[in-house]
Amino acid sequence: MRINLVWKEYDVLVVGSGGAGSNAAETASDMGASVLLVTKDPLSASDTKISEGIATVRGSGSEDDSENALSENLQLAGGDLPDINITSAFAKDSQKAYDKVRANGLRPKISAITNNPDPLPLPMGGHTKRRSIGHKNSGVAFGHANWNSIVKDTKIDYKEDCWLIDVITETNKDDTKSVVGALIYDAQCGEILAVVCASVVVASGGLSTIYFPKTDTMRGNTGDSYAIAARAGAELVDMEQIQFLPFCLTSPPAFEGLLGGEPVTASYLGVLRDKNKKVILDGVYLRTRAECSAAIMKAVEDGRGTKNGGAYLDMTANKRAPKSGVYFMNFLKGSLPSAYNNVRQAMSKSESQCDDLWEVRPSAHYMMGGIRVDENCRSIGGSNGLRNRGISGLFAAGQAMGGLFGANRLGSTSLTEGAVFGQRAGKSAALHAQKSVINLLNKKLFIEKAKRVHSLIGQKGHLHASKIKLTVQKKCWENLGPIRDKRRLTNTKLFIRKTKKQLKNINISNRTKWNQALIEYLELENMLDTAELMAIAALERDGSLGGHVRSDCPNISLFSKPYSTVARFFGNDAHVTRLQRKQTDFKKLIKFKFEEQKKFLGAKFLRLMPMRLKDNILEKRYKKIMNIQKSSITVQPGSVEAAIGDQKIL
Amino acid sequence: MTIKNVRDRQYLNVTIITHLDGKDIPVKFKYKKRHDREKPMALDILLQAQETSLPDLAFRYGCRARNCGVCTIDINGLPRIACRSVVRENDNLKAMSTLPVITDLVVKRDQISRQLRGKIYRNSGGNDLNVDASEDYHELTSCIECYACLHNCPMHEKNNVELNESRERYKYGNPFSLLKLQAIVLDPVSSNQQKDDAVTQAVKLGLDTCLNCPGCKCGIGIDLKGKVVDPLVNASKKIEE
Ligand SMILES: Cc1cc2nc3c(=O)[nH]c(=O)nc-3n(C[C@H](O)[C@H](O)[C@H](O)COP(=O)(O)OP(=O)(O)OC[C@H]3O[C@@H](n4cnc5c(N)ncnc54)[C@H](O)[C@@H]3O)c2cc1C
Ligand code: SF4
Ligand code: SF4
Ligand code: FES
């Protein structure tokens, strides 16, 4: 069946209208480039819009918050996998980039003392400084600012309901590759757009939907960014590193996968227990998300998991303390009100009041790896990270890019990532387009690729992409999820190969306008390509590190020589190599480890103290937090209270 | 308890009105509850339908948590946010009636944003950003853009909302577009000129329709009449003088 091919010409194509895409489009357009922004969800509907709305802004809490300090926090948390040029760029630009979002209508609370936006009262986990700014209406406030940045003037053309299918490249005489444009399925109009452009910014988010419903992210995270870039020949880094949130809900279906709590809200006495109520992790409030997720999944592995394949989060000791118990409940409700709101609706009263245990299970949240780029978001490749080994004209920003977080992402850094690297990508893309001329003889490259789509529409078969997707999601959770081993990863590879062969038997109607089967097919294909690259990266990293947990190998020590995995396609075959990374100074590593151990010991000591003693200590601690909390921000981001309109649900 | 009763408790019967090439086609669907007491949301029903008998069913959703605003459908003729609306026996699930339907439950949304293209936040650079916004400003920016408020809006009804190829803007406004304009008026960073422009835009979009209207209803409870319509109407009177 034929579908109309509609030609368009632009300097820059931006894919995605979350934080990264909006910032890229605005910046490229400000630099004089002609810009088309396409997005598969409605404008600004994205992870950015549904986030908790907490953003890292260096220096917002104290003047001594240096670029080095922030960059180092990211390095240490990320197990030395992050690219130092990228973490430095993040630290350098965070204020400037955030102010640009503010210019589009984001309005944080301003401190009367500093006359600047006021960060949350305490540093978030892994940050050594207070620098995380919360916002009323959480991510929705960012959503409005991003929406404004695209709609505000008539310079940026945008199209909703458009699925990027493939980036089109040509191979130059010296064997390097350059972007000449992209193919897009415009579901609203029932057309294929052939966009001829020198620069493509991939800002189309993450891949957590390959674990649906065990995820708290948007439906659209089907790995499109990674699959499309890899099919164009780009390298991907750290694809085994996915962040799971440990304390998500297991039922009912409408709430499955959504956030219930964070390690810090388990508070001083919170512990994790297996189905026999035996403690499997203590000092939960000091642990990283990865450590908690791993503890839960290890219990499940050993057959000690709860009914829905999770563990129990026990916060009853916090609640039972006669004096500090009241403070704890206020702390829990006040720190993560939107998560608590989920708990209140999904669990029984005694559970939500913490008189009973919560059944929790990890959920996929964020892909820390991604398209391999330099600090200006340009695709790079090879052991020295050279631009002529990447794809010239391909840029990535936001969750789509890799290299900023490595093995662990600190809280509140991604919204800033979108702004900082969105803007950098926009600038690079505009500059690149200025220098490039596209040879229109290449039209046949587009037509070749479009043939495939023509042949898909009306494809006859007995299978349905939407159903295969569900099988893939189940397999990915079991074999490529928060706990892995060689056998399961090898299985995943085989399973993907087998499923790819089934694609030709998928039934697709011959309708051109909003063909759901075609959409599901395109997304399924991206999920499979992405999962394949993740699986080979996960096989290559034969030890547990950060978000990657191998039950069949030992942990990778912080002191061993750090490397990133680099995965890519050669033709149809997936390949992986290692890329050496620079190690943080030994003295700093030892100090980091020592401080960590000290804290865990302290937490254990406190938990085992007689109730009367610890109750007094805790009361003082809570009072201190609550006091600062009162003086700085009363309504917490993400809360029902923050979404003022939400209090009066129809 | 009879066997029939047990079976009833396991299923929920609904009608999903699918839509293809301009025609509505009602389809009966039996939702299988995952446990006795489950009270499924509309989105649970649509997902299960896609999983079983209607694999190519088209509908929008994103966050499953009343944040992204894209899953709005009509349940028994009233706009509801599908991921957080409990469905009862014999309910009808259908695309929003206020926007043109593309396929099944998917409507064409982007003409609403295009209406404001080039009309908000021009030249905002250079202003002092370190000023606190009022509670009212934050109330307006809690809007999740679900378009439930388009229902029964006489101003929006003046538009021809048939599905056509053109990406032409709607001539007349709606509560959402007024909300975006009023947010500019309330933004402490806006200049007086920008505020006046916003009010003028509201008048151009047909603000006078609001004068004889009992007021609009927001899907998540924003006080549209008190915080958006009335202030704009008052400001427009002032500008006229
Ligand atoms: C519940 C939740 C809470 C969070 N809280 C925080 C927080 O408090 N602080 C923080 O810093 N981070 C937080 N995060 C993480 C953060 O929100 C995201 O990592 C970040 O917003 C990603 O931005 P992005 O622009 O890269 O992608 P997104 O915002 O996800 O945007 C992706 C865009 O790409 C489009 N797209 C995807 N595929 C295609 C395609 N094939 N063709 C066309 N368009 C496509 C989508 O429609 C969308 O517009 C949270 C995430 C979640 C899910
Ligand atoms: S008050 Fe105005 S915007 Fe609201 S429903 Fe009536 S006409 Fe529409
Ligand atoms: S004003 Fe209310 S009903 Fe209208 S789009 Fe916004 S949130 Fe939805
Ligand atoms: S799916 Fe996001 S609001 Fe319903």
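Residues numbered from 1 in each chain as written. Chains lettered and ligands numbered in written order. Predicted model: local features only at pLDDT ≥ 70, side-chain atom pairs only at ≥ 80, totals over all residues. Heavy atoms only, no water.

A. Highlighting the pairing of strand β2 (residues 23–32) of chain B. Residues and elements named next belong to chain B. As judged from the ten bridges shared by strand β1 (residues 11–20) and β2, these two strands associate in the antiparallel manner. Looking at β2, one finds that His19 is bridged to Asp24. Taking the residues that link successive antiparallel strands as the turn, the β1-β2 hairpin has two residues, and the phi of Asp21 there is positive, at about 45 degrees. (Pairing = 2+ DSSP bridges. Helix = DSSP H or I, 4+ residues; strand = E, 2+ residues; numbered from the N terminus.)

B. Spatial organisation of the interface of chain A and chain B. Of the residues lining the interface, 68 residues belong to chain A; the matching set on chain B comes to 73 residues. The contact between chain A and chain B buries some 6,200 Å² in all, and 51% of this surface belongs to carbon and sulfur atoms. Close ionic contact of Glu135 of chain B with Lys136 of chain A constitutes a salt bridge, the shortest N to O distance being 2.7 Å. Inspection of the region where chain A meets chain B yields 35 residue pairs in polar contact (both at pLDDT 80 or more). Those elements that provide at least two residues to the side of chain A that touches chain B are α2 (47–50), α4 (84–103), α5 (138–151), β6 (156–159), α14 (465–480) and α16 (516–540) of chain A. No other element matches α5 of chain A, which puts six residues into the side of chain A that touches chain B. Taken together, the residues of the side of chain A that touches chain B break down into 29 nonpolar, 17 polar and 22 charged. (Contact = heavy atoms within 4.5 Å. Buried area = accessible area lost by both parts, 1.4 Å probe. Salt bridge = Lys/Arg side-chain N within 4 Å of Asp/Glu carboxyl O. Polar contact = N/O pair within 3.5 Å; in protein donor to acceptor, adjacent residues only side chain to side chain. Nonpolar A, V, L, I, M, F, W, Y, C, P; charged D, E, K, R; others polar.)

C. Structural context of the site of ligand 2. Residues and elements named next belong to chain B. Taken together, Cys153, Pro154, Met155, Pro175, Leu178, Cys210, Cys213, Gly215, Cys216 and Val229 make up the full set of residues near ligand 2. For the shell around ligand 2, the elements supplying multiple residues, two or more each, are α5 (154–157) and α6 (175–186). Split into classes, the residues belonging to the shell around ligand 2 amount to nine nonpolar, one polar and no charged. (Near = heavy atom within 4 Å.)

D. Broad picture of the side chain of Arg287 of chain A. Residues and elements named next belong to chain A. Structurally, Arg287 can be placed in the loop between β15 (279–281) and α7 (289–301). Residue classification places Arg287 among the buried positions, given a relative accessible area of 17%. Here Glu291 takes part through its side chain, which lies 3.5 Å from a polar atom of the side chain of Arg287. What Arg287 contacts, discounting residues up to four positions off in sequence, is Pro263, Leu281, Asp282, Cys292 and Phe600. (Buried < 20%, exposed > 50% of the residue type's maximum accessible area, 1.4 Å probe, protein only.)

E. Representation of a nonpolar patch on the surface within the structure. A cluster of nonpolar residues, Phe559, Phe586 and Ile590 of chain A, forms a patch on the protein surface that exposes about 280 Å² of accessible area. Counting through the fold element by element, Phe559 of chain A comes out in the loop between α16 and β21 (563–570). (Patch = residues over 30% accessible without salt bridge, like charges linked within 9 Å, V, L, I, M, F, W, Y side chains within 5 Å. Areas by Shrake-Rupley, 256 points an atom, 1.4 Å probe, with all protein chains shown as cover.)

F. Quick peek at the site of ligand 1. Residue and element names in this part refer to chain A. Lining the immediate environment of ligand 1, one finds 36 residues, of which Thr48, Ile54, Asp224, Gln399 and Leu415 sit closest. With respect to ligand 1, the side chain of Asp224 contributes an N or O atom lying 2.7 Å from a nitrogen atom. Interatomic distance of 3.4 Å between a backbone N/O atom of Thr413 and an oxygen atom of ligand 1. Within the complex, 96% of the 1,000 Å² of free accessible area of ligand 1 lies under protein. Within the residue set of the shell around ligand 1, elements represented by two or more residues are α1 (19–30), α2, β7 (162–171), β17 (358–367) and α12 (414–435). For the shell around ligand 1, a count of residues per class yields eleven nonpolar, 18 polar and seven charged.

G. How the structure looks around the pattern of salt bridges. Residues and elements named next belong to chain A. Applying the stated criterion across every chain, the model contains 58 salt bridges over all chains. Its salt-bridge partner being Lys604, residue Asp282 comes within 3.8 Å of it at the nearest N-O pair. Here Lys604 lies in helix α17 (residues 586–608) and Asp282 lies in the loop between β15 and α7, a separation of 322 residues in the sequence. Across the pair Lys500 and Asp529 runs a salt bridge, and its minimum N-O distance is 2.6 Å.

H. Representation of the sheet that holds β21 of chain A in the model. Residue and element names in this part refer to chain A. On the basis of which strands lie adjacent, the open sheet formed by four strands has the order β18-β11-β21-β22 and antiparallel pairing. Taken across any chain shown, the strands that pair with only one partner, and hence form the sheet edges, are β18 (370–371) and β22 (573–580). In terms of strand pairing, strand β11 (residues 236–237) meets β21 through two bridges, oriented antiparallel. Along β21, the bridge assignment pairs Val237 with Val566.

I. Molecular detail of the domain arrangement of chain A. All names here are of chain A. Split into domains, chain A comes out as domain 1 (5–241 + 366–444), domain 2 (247–363 + 609–648) and domain 3 (446–580). Spacing between the C-alpha centres of domain 2 and domain 3 amounts to 33 Å. Opposite the seven residues of domain 2 that make contact, domain 3 presents eight residues. Counting each side, the surface lost to burial between domain 2 and domain 3 is near 640 Å², with a carbon and sulfur contribution of 76%. (Domains from an automatic or database assignment.)

J. Representation of the packing of aromatic side chains within the structure. Using the criterion set out here, one finds 13 aromatic pairs over all chains in the structure. Note on Tyr268 of chain A and Tyr622 of chain A: the rings are 5.5 Å apart at their centroids and 70 degrees apart in plane angle, and the pair reads as edge-to-face. On the criterion of sequence distance, the pair formed by Tyr268 of chain A in the loop between β13 (259–261) and β14 (271–273) and Tyr622 of chain A in helix α18 (residues 611–632) is long-range, its members being 354 residues apart. Classification of Tyr622 of chain A by relative accessible area gives buried; the value is 1%. Aromatic pair Phe59 of chain B and Tyr61 of chain B: ring centres 5.9 Å apart, planes at 25 degrees, arrangement stacked. You can call Phe59 of chain B buried: its relative accessible area is 6%. For Tyr61 of chain B, a relative accessible area of 10% corresponds to the buried category. Ring pairs connect the aromatic residues Tyr268, Tyr285, Phe331 and Tyr622 of chain A, which therefore count as one cluster. A cation over an aromatic ring shows up here: Arg287 of chain A above the ring of Phe600 of chain A, its NZ or CZ 3.9 Å from the ring centre. (Phe/Tyr/Trp six-rings, centres within 6.5 Å; stacked < 30°, edge-to-face > 60°. Lys NZ or Arg CZ within 6 Å of the ring centre and 35° of its normal.)

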